[in-house]
Amino acid sequence: MTDEDADWRPTAKLEALRVRAETLASIRRFFAERGVLEVETPALSAATVTDLHLHSVACRLEADDRRTRYLQTSPEFAMKRLLAAGSGPIYQICKAFRDGERGRRHNPEFTMLEWYRPGWDHHRLIDEIDELLQAVLGVAAGERLSYADAFLRHAGIDPHAASDGELRSRVAALGVSDVSELDRDDLLNLLLSHSVEHRLGVGRPTFLFDYPASQAALARVRPGHPPVAERFEVFIDGIELANGFHELTDPEEQRRRFAADLAERRRRGLPEVAVDERLLAALASGLPDCAGVALGVDRLVMLKIGTRDIADVIAFPIDRA
Amino acid sequence: MPSYNMNQVKVGLRILIDGDPCIIVDADFVKPGKGQAFTRIKYRNLKTDRVNEKTMRSSDMVDGADVVEKPMQYLYNDGSHWYFMDQESFEQLAADGHVVVDAAQWIKEEDICLVTLFDGNPLVVQPPNFVELEIVETDPGVRGDTSSGGTKPATLETGAVVRVPLFVQQGERIKVDTRTGAYVSRA
């Protein structure tokens, strides 16, 4: 090992850390000019997400009440409690933690920018993200593309109308193991990552919207043929940069989705997690109609300096932390 | 051989895919659309040299391949097999002609080659990066003739044909880079 590789050293160059600092400053300027309030919410909380594909880091305060708490996978629940308490538009830049996510675009501890706009729908929020990206990254104005149109254009298949069998044979041809055990959303996700994603955000950001209802997560579902989730993702140079929703505000629907996740967690032998009753109480008291988005700050800096490796923009990634 | 889970899958790992020994040349974690996580690998089949892609679920396992590389001394060939000796155990191994096909034009008896073994059998033989060989046939160079870019073909004692500068003559020994087949210098 040469001294340059000695593992006490940062993996990011000092120049990249300067770009990172400038990026954070320009984000804060952007929101200050628009009157969006910066907030901080707990990284360590009594409850966490039930999402089957998000793994929270659990820990206990041994010298305190010895109860399990979770490092947050995103500040979403706590920020919605602030919105329900009448905060108005808010944003947060914080660390988020996701167990098991490590790769060239993932570090288990990463920096997230999350913001909410009461009274807005996801299309109005997309316009503001577009302005933020132009201001912070200096990119051109983005294109809006529906999930269905992206699949038709880049994969030649209709994601809502195609049969499971058609999707399965398309995915098998991509060299994916055990396609028989994948469900419809897995198949669509793989087509997105292997056949569509790298063609998105070329030369300008792509805002992909109207996801299949089965991939709603915390978005509201708009009835229709087919019904679609009012959810969007943002891509630049094939990198998924942000995910947002026209937020679900119905406490009963939210409770049903949590319960369905927990049942599926039990069936799959995944850890049981505590449902966020304080979020449900906040929804019951009234979450304003709003749109919200989470954006990966590390990936934003990656795009700004033109690297494909997250280690180039984090001082100490997990294996040097 | 051990099996590996997706957290252990790394560039350079030797694994078995459809019974063939392969080396991982690229590995990345992907989590599209907030769904389940996958590991996407590119691997080179060590038999065919072809690179392919595979996407695995985070719960999948892959089998390790018993592949080792060791320096071995080339002893001789009998027309059908090429014989190599392990430098530590002095054990001798026979390699089929097709395993040596690329290396054959560069190696002479007693040269040390890097032999890749799969389940103990030779899979690939790499010649030394640089070899010194005698020119057994080449046209006498004509001074000032630059019509062929200042080089001419020369046949070496092992049968390889390389381009050499015009001033290099038959009977001389030259140094060649076996990775590119390029003349380096007079030896």
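Here the structure is shown first, and the text comes after it.
Residues numbered from 1 in each chain as written. Chains lettered and ligands numbered in written order. Predicted model: local features only at pLDDT ≥ 70, side-chain atom pairs only at ≥ 80, totals over all residues. Heavy atoms only, no water.

1. Comments concerning the pattern of salt bridges
In step 1: Within the structure shown, the criterion is met by 45 salt bridges over all chains.
In step 2: With a closest N to O distance of 3.1 Å, glutamate 101 of chain A and lysine 31 of chain B form a salt bridge. One end of the pair, glutamate 101 of chain A, is in the loop between strand E5 (90-97) and strand E6 (109-118); the other, lysine 31 of chain B, is in the loop between strand E3 (20-30) and strand E4 (38-45), on a second chain. The pair glutamate 101 of chain A / lysine 31 of chain B is uniform in exposure class, with both members buried.
In step 3: The salt bridge partner of aspartate 178 of chain A is arginine 57 of chain B, with a shortest N-O separation of 3.9 Å. With aspartate 178 of chain A in the loop between helix H5 (164-172) and helix H6 (184-196) and arginine 57 of chain B in strand E5 (residues 51-57), this pair bridges two chains. (Salt bridge = Lys/Arg side-chain N within 4 Å of Asp/Glu carboxyl O. Helix = DSSP H or I, 4+ residues; strand = E, 2+ residues; numbered from the N terminus. Buried < 20%, exposed > 50% of the residue type's maximum accessible area, 1.4 Å probe, protein only.)

2. Things to note about the nonpolar core
All names here are of chain A.
In step 1: Among the nonpolar cores identified, the biggest contains 36 residues, and Phe31, Leu113, Trp115, Ile129 and Leu133 are the most heavily contacted of them.
In step 2: Setting aside residues no more than four positions away along its own chain, leucine 113 makes contact with Ile27, Phe31, Tyr91, Gln92, Ile93, Leu132, Val293, Ala294, Leu295 and Val297.
In step 3: By size, the runner-up hydrophobic cluster in this structure holds 26 residues, among which are Phe151, Ala155, Leu182 and Leu200. (Core = buried A, V, L, I, M, F, W, Y, C linked by side-chain atoms within 4.5 Å. Contact = heavy atoms within 4.5 Å.)

3. Description of helix H3 (residues 122-137) of chain A
Quick reminder: α-helices carry 3.6 residues per turn. Residues three or four places apart thus point the same way.
Residues and elements named next belong to chain A.
In step 1: Along its 16 residues, H3 runs 21 Å from first to last C-alpha, staying within 8% of the 22 Å computed at 1.5 Å per residue.
In step 2: Residues His122, Leu125, Ile126, Glu128, Ile129, Asp130, Leu132, Leu133, Val136 and Leu137 constitute the buried set of H3.
In step 3: The backbone nitrogen of histidine 123 has a side-chain oxygen 3.2 Å away, supplied by the residue at the start of H3, namely aspartate 121.
In step 4: Trailing H3 by a residue or two, glycine 138 shows a phi angle of about 70°, which is positive. (Expected span 1.5 Å × (residues − 1). Polar contact = N/O pair within 3.5 Å; in protein donor to acceptor, adjacent residues only side chain to side chain.)

4. Topic: the packing of helix H4 (residues 147-154) of chain A against H6 of chain A
Residues and elements named next belong to chain A.
In step 1: Close contact between H4 and H6 brings their axes to 11 Å; oriented N to C, the two are set at 55°. Classed by the angle they form, the pair H4 and H6 counts as oblique. As for the relative orientation of H4 and H6, their crossing is left-handed in sense. Here Tyr147, Ala150, Phe151 and His154 of H4 lie close against H6, whose contacting residues are Leu188, Leu191, Leu192, Ser195 and Val196. (Axes fitted to C-alpha atoms, helices over the stretch in contact; angles between N-to-C directions. Parallel < 35°, antiparallel > 145°, perpendicular 65-115°, else oblique. Left-handed = near helix turned anticlockwise from the far one by under 90°.)

5. A look at the pairing of strand E9 (residues 92-96) of chain B
All names here are of chain B.
In step 1: Covered by surrounding structure in E9 are Leu93 and Ala95 only, the residues Gln92, Ala94 and Asp96 on the alternate face being uncovered.
In step 2: Both strand E8 (residues 81-86) and E9 contribute to a ladder of five bridges, which runs antiparallel. Looking across to E9, one finds that methionine 85 is bridged to glutamine 92. (Pairing = 2+ DSSP bridges.)

6. Brief notes about the interface of chain A and chain B
In step 1: Opposite the 27 residues of chain A that make contact, chain B presents 19 residues.
In step 2: In total, about 2,000 Å² of surface goes out of reach between chain A and chain B, with carbon and sulfur atoms giving 45% of it.
In step 3: When the buried area of chain A at its contact with chain B is split by residue, His53, Arg104 and Ser177 of chain A rank highest and sum to 24% of it.
In step 4: Where chain A meets chain B, there are six salt bridges.
In step 5: One salt bridge connects glutamate 181 of chain A with arginine 57 of chain B, and the closest N-O pair in it is separated by 3.1 Å.
In step 6: Across the contact surface, chain A and chain B share 14 residue pairs in polar contact (both at pLDDT 80 or more).
In step 7: Looking at the side of chain A that touches chain B, the elements with two or more residues in it are H6, strand E10 (228-236) and strand E11 (239-246) of chain A.
In step 8: The dominant element in the side of chain A that touches chain B, judged by the number of residues it contributes, is H6 of chain A, at six residues. (Buried area = accessible area lost by both parts, 1.4 Å probe.)

7. Looking at the packing of aromatic side chains
In step 1: Within the structure shown, the criterion is met by nine aromatic pairs over all chains.
In step 2: Ring geometry for tyrosine 76 of chain B and tyrosine 83 of chain B: centres 4.7 Å apart, planes at 20°, overall stacked.
In step 3: An aromatic cluster is built from Phe30, Phe31, Tyr91 and Trp115 of chain A, whose rings are joined through pairwise contacts.
In step 4: Here the basic side chain of arginine 34 of chain A rests over the ring of phenylalanine 30 of chain A, its NZ or CZ set 3.7 Å away from the ring centre.
In step 5: Directly above the aromatic system of tyrosine 211 of chain A lies the positively charged group of arginine 231 of chain A, at a separation of 4.4 Å from the ring centroid. (Phe/Tyr/Trp six-rings, centres within 6.5 Å; stacked < 30°, edge-to-face > 60°. Lys NZ or Arg CZ within 6 Å of the ring centre and 35° of its normal.)

8. Considerations on helix H1 (residues 14-33) of chain A
All names here are of chain A.
In step 1: For H1, with 20 residues, the first-to-last C-alpha span of 29 Å sits near the 28 Å given by 1.5 Å per residue.
In step 2: Every buried residue of H1 is listed here: Ala16, Val19, Arg20, Thr23, Ser26, Ile27, Phe30 and Phe31. Each buried residue of H1 sits inside an arc of 130° when the element is viewed along its axis, so together they form one side. Of the residues in H1, the exposed ones pointing more than 90 degrees away from the buried face are Leu14, Arg29, Ala32 and Glu33.
In step 3: Looking at the buried positions of H1, the neighbouring elements they touch are E5, E6, H3 and helix H9 (297-305).
In step 4: Positioned one or two residues after H1, glycine 35 has a phi angle of 70°, which is positive. (Arc of directions from axis to C-beta.)

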